[in-house]
Amino acid sequence: MDSSHPLASGQRFSFFSLAIQAYRQGKLGDVAAYKSAILGTTTYPEIAEKLSRLTACFPKIDLAALRPLPAGTFGRIYAQHMDEYHLTPLEISGDVIAALPNQSLGLRYTLLHDVFHVLLGYDTSLVGEMGVWAFVDAQHYSPSYKTAAWLAHYLYPLVIPHRYRKLRAIEQQSRRLGQQAACVIAHPLEDYWSEPLSTVRSRLGLA
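Here is what the cut-offs are and how they apply
Residues numbered from 1 in each chain as written. Predicted model: local features only at pLDDT ≥ 70, side-chain atom pairs only at ≥ 80, totals over all residues. Heavy atoms only, no water. Patch = residues over 30% accessible without salt bridge, like charges linked within 9 Å, V, L, I, M, F, W, Y side chains within 5 Å. Areas by Shrake-Rupley, 256 points an atom, 1.4 Å probe, with all protein chains shown as cover. Salt bridge = Lys/Arg side-chain N within 4 Å of Asp/Glu carboxyl O. Helix = DSSP H or I, 4+ residues; strand = E, 2+ residues; numbered from the N terminus. Buried < 20%, exposed > 50% of the residue type's maximum accessible area, 1.4 Å probe, protein only. Phe/Tyr/Trp six-rings, centres within 6.5 Å; stacked < 30°, edge-to-face > 60°. Lys NZ or Arg CZ within 6 Å of the ring centre and 35° of its normal. Polar contact = N/O pair within 3.5 Å; in protein donor to acceptor, adjacent residues only side chain to side chain. Contact = heavy atoms within 4.5 Å. Core = buried A, V, L, I, M, F, W, Y, C linked by side-chain atoms within 4.5 Å. pLDDT = per-residue confidence, 0-100.

Asker: Break down a nonpolar patch on the surface for me, with residues and values.
Answerer: On the surface, Trp 150, Leu 151, Tyr 154, Leu 155, Leu 158 and Val 159 cluster together into a nonpolar patch covering about 670 Å² of accessible area. Topologically, Tyr 154 is positioned in helix H9 (residues 143-159). For Tyr 154, a relative accessible area of 48% puts it in the partly exposed group.

Asker: Run through the pattern of salt bridges, naming residues and quoting values.
Answerer: Across all of its chains, the model carries 8 salt bridges by this definition. The partner of Asp 137 in a salt bridge is Lys 146, and the shortest N-O contact between them spans 3.2 Å. What makes Asp 137 buried here is its relative accessible area of 10%. Classification of Lys 146 by relative accessible area gives partly exposed; the value is 42%. Among the salt bridges present, the one from Arg 203 reaches Glu 195, with a minimum N-O distance of 2.8 Å. In the salt-bridge network here, residues are joined through shared partners; they are Asp 137, Lys 146, Arg 168, Glu 171 and Arg 175.

Asker: Pulling in residues and values, what's your account of the packing of aromatic side chains?
Answerer: Following the criterion strictly, the structure yields 8 aromatic pairs and no others. Judged by centre distance (5.1 Å) and plane angle (45°), the ring pair of Tyr 109 and Tyr 145 falls under tilted. On the criterion of sequence distance, the pair formed by Tyr 109 in helix H7 (residues 104-120) and Tyr 145 in helix H9 is long-range, its members being 36 residues apart. Here the two residues Tyr 109 and Tyr 145 agree in accessibility, since each one is buried. Every member of this aromatic cluster is reached through a ring pair, and the members are Tyr 109, Phe 116, Trp 133, Phe 135 and Tyr 145. Directly above the aromatic system of Tyr 192 lies the positively charged group of Arg 203, at a separation of 4.4 Å from the ring centroid.

Asker: For unusual backbone geometry, give the residues involved together with the corresponding values.
Answerer: Only a minority of non-glycine residues have a phi that is not negative, and only a minority of peptide bonds are not trans. Non-glycine residue His 86 carries a positive phi angle of around 55°. Along the chain, His 86 turns up in the loop between helix H5 (74-84) and helix H6 (94-99). On the basis of relative accessibility, which here comes to 73%, the residue His 86 falls in the exposed class. Positive phi is not limited to glycine here, since His 140 has a value of about 60°. Within the element layout of this structure, His 140 appears in the loop between helix H8 (126-138) and H9.

Asker: Describe the side chain of Gln 103, with residues and values.
Answerer: Locating Gln 103 in the fold gives a position in the loop between H6 and H7. At 2.8 Å, the side chain of Gln 103 and the side chain of Ser 36 are in polar contact. Not counting residues within four places of it along the chain, the set of residues in contact with Gln 103 comprises Ser 36, Ala 37 and Thr 41.

Asker: Account for the nonpolar core, with residues named and values stated.
Answerer: Grouped together as the largest cluster of nonpolar side chains are 50 residues, with contacts concentrated most on Phe 74, Phe 116, Leu 119 and Tyr 141. Elements that contribute at least two residues to this core include exactly helix H3 (45-52), helix H4 (63-66), H5, H7, H8, H9, helix H10 (164-180) and helix H11 (197-204). Top element by residues in this core is H7. It accounts for 8 residues. If we skip the residues at most four places from it in the chain, Leu 119 touches Phe 74, Val 184, Leu 189, Leu 197, Val 200, Arg 201, Leu 204 and Leu 206. The next biggest cluster of nonpolar side chains, apart from the first, holds 10 residues, and it includes Ala 19, Tyr 34, Ile 92 and Leu 111.

Asker: Mind laying out the confidence of the model for the protein chain, listing which residues take part and the relevant values?
Answerer: Scored by pLDDT, the protein chain comes out at a mean of 92, with 95% of its residues at no less than 70. Within the model, pLDDT remains below 50 along residues 1-5, and this stretch shows 15 contacts once partners closer than five positions in the same chain are excluded.

Asker: Please provide a residue-by-residue account of the side chain of His 117, values included.
Answerer: In this structure, His 117 sits in helix H7. The exposure class assigned to His 117 is buried, which follows from its relative accessible area of 1%. Here the side chain of His 117 touches His 113 through a polar contact of 3.1 Å, side chain to side chain. Setting aside its immediate chain neighbours within four residues, His 117 contacts His 81, Tyr 122, Asp 123, Thr 124, Gly 128, Glu 129 and Val 132.

Okay, structure coming up:
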């Protein structure tokens with residue numbers, strides 16, 4: 001049902017060791033990539049086929065180039081989001097990408113996770129994370145993401161019980177949106193930086 005292959009225990013241990021090494025070197029993007037491989041992020045065949053059509057599946061995001069874009073543009077608002085929450089776009093080394101040929105989805109989503117927050121209009125709180133996971137699950141990318149959404153559904157209310165109604169509301173809203181929207185992960189989102197965010201949302205069925 002998916003395009004990935006299960007990892008042997010030896011491979012998992014090797015990736016775990018490499019992840020520790022990358023962490024010590026401050027290469028957080030590589031750490032996230034190895035984590036995706038260790039957890040066995042699989043991809044449904046139709047998603048893998050769509051990702052294979054992308055000219056650049058693993059974009060490098062330069063905030064310095066996005067900050068001067070006109071107000072209201074996708075790139076400018078993304079840069080503002082990253083600056084507001086003191087976040088830095090992750091980068092994945094070329095040798096790591098080459099070593100994980102079956103992890104295109106996991107690697108691309110690692111790089112674009114915060115882009116999803118911006119497209120959906122969600123902050124980085126647990127409520128915002130719930131919304132993103134519900135949306136991604138509804139987009140039917142991977143059984144691994146379905147598991148993540150399931151965990152969020154049950155665990156987040158235990159962490160912030162006072163926001164239970166908000167969690168459930170954003171979860172339902174995001175699932176509906178994910179079902180009606182285009183396959184966001186397979187769009188060349190990095191080509192849309194200079195367009196108004198409203199235009200990008202309309203193109204993706206997120207308006």
